[in-house]
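# Results of the structural survey
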Amino acid sequence: MIATCKTNDSFEDILTQGKTYRVRELRNASLMIVDDTGDLRWFGLSRFKLGIAKLDNLRTPEACQVSA
């Protein structure tokens, strides 16, 4: 599963708006991703749009794209 950042308000230094991140874990109303600084962090789901990664992109998890 992937998450595309819809808003990086208050997190401009660690999230890029419009960037797609691989979801490491999904729990309650939060998801865990590796942020732009390389740290594993929890963020609220409201900041992201969830999607499915294309199978050919699974070898490069940080460069996943949403399938149509």
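As a reminder, the structure under discussion sits directly above these lines.
Residues numbered from 1 in each chain as written. Predicted model: local features only at pLDDT ≥ 70, side-chain atom pairs only at ≥ 80, totals over all residues. Heavy atoms only, no water.

### What to know about the packing of aromatic side chains
Tallied over the full model, the rule gives three aromatic pairs. Between the aromatic rings of Y21 and F48, the centroid separation amounts to 6.3 Å while the plane-to-plane angle is 90 degrees, which identifies the pairing as edge-to-face. Residue Y21 is found in strand β2 (residues 20–22), and its partner F48 is found in strand β6 (residues 48–51); the two are separated by 27 residues along the sequence. Just as Y21 is buried, F48 falls in that class too. Ring-pair connections join several aromatic residues into one group, and the members of that group are F11, Y21, F43 and F48. (Phe/Tyr/Trp six-rings, centres within 6.5 Å; stacked < 30°, edge-to-face > 60°. Helix = DSSP H or I, 4+ residues; strand = E, 2+ residues; numbered from the N terminus. Buried < 20%, exposed > 50% of the residue type's maximum accessible area, 1.4 Å probe, protein only.)

### Quick notes on a nonpolar patch on the surface
On the surface, a cluster of nonpolar side chains totalling about 260 Å² of accessible area is made up of M1, L26 and L50. In this structure, L26 sits in strand β3 (residues 25–27). In this structure L26 comes out as partly exposed when scored by relative accessible area, which is 42%. (Patch = residues over 30% accessible without salt bridge, like charges linked within 9 Å, V, L, I, M, F, W, Y side chains within 5 Å. Areas by Shrake-Rupley, 256 points an atom, 1.4 Å probe, with all protein chains shown as cover. Salt bridge = Lys/Arg side-chain N within 4 Å of Asp/Glu carboxyl O.)

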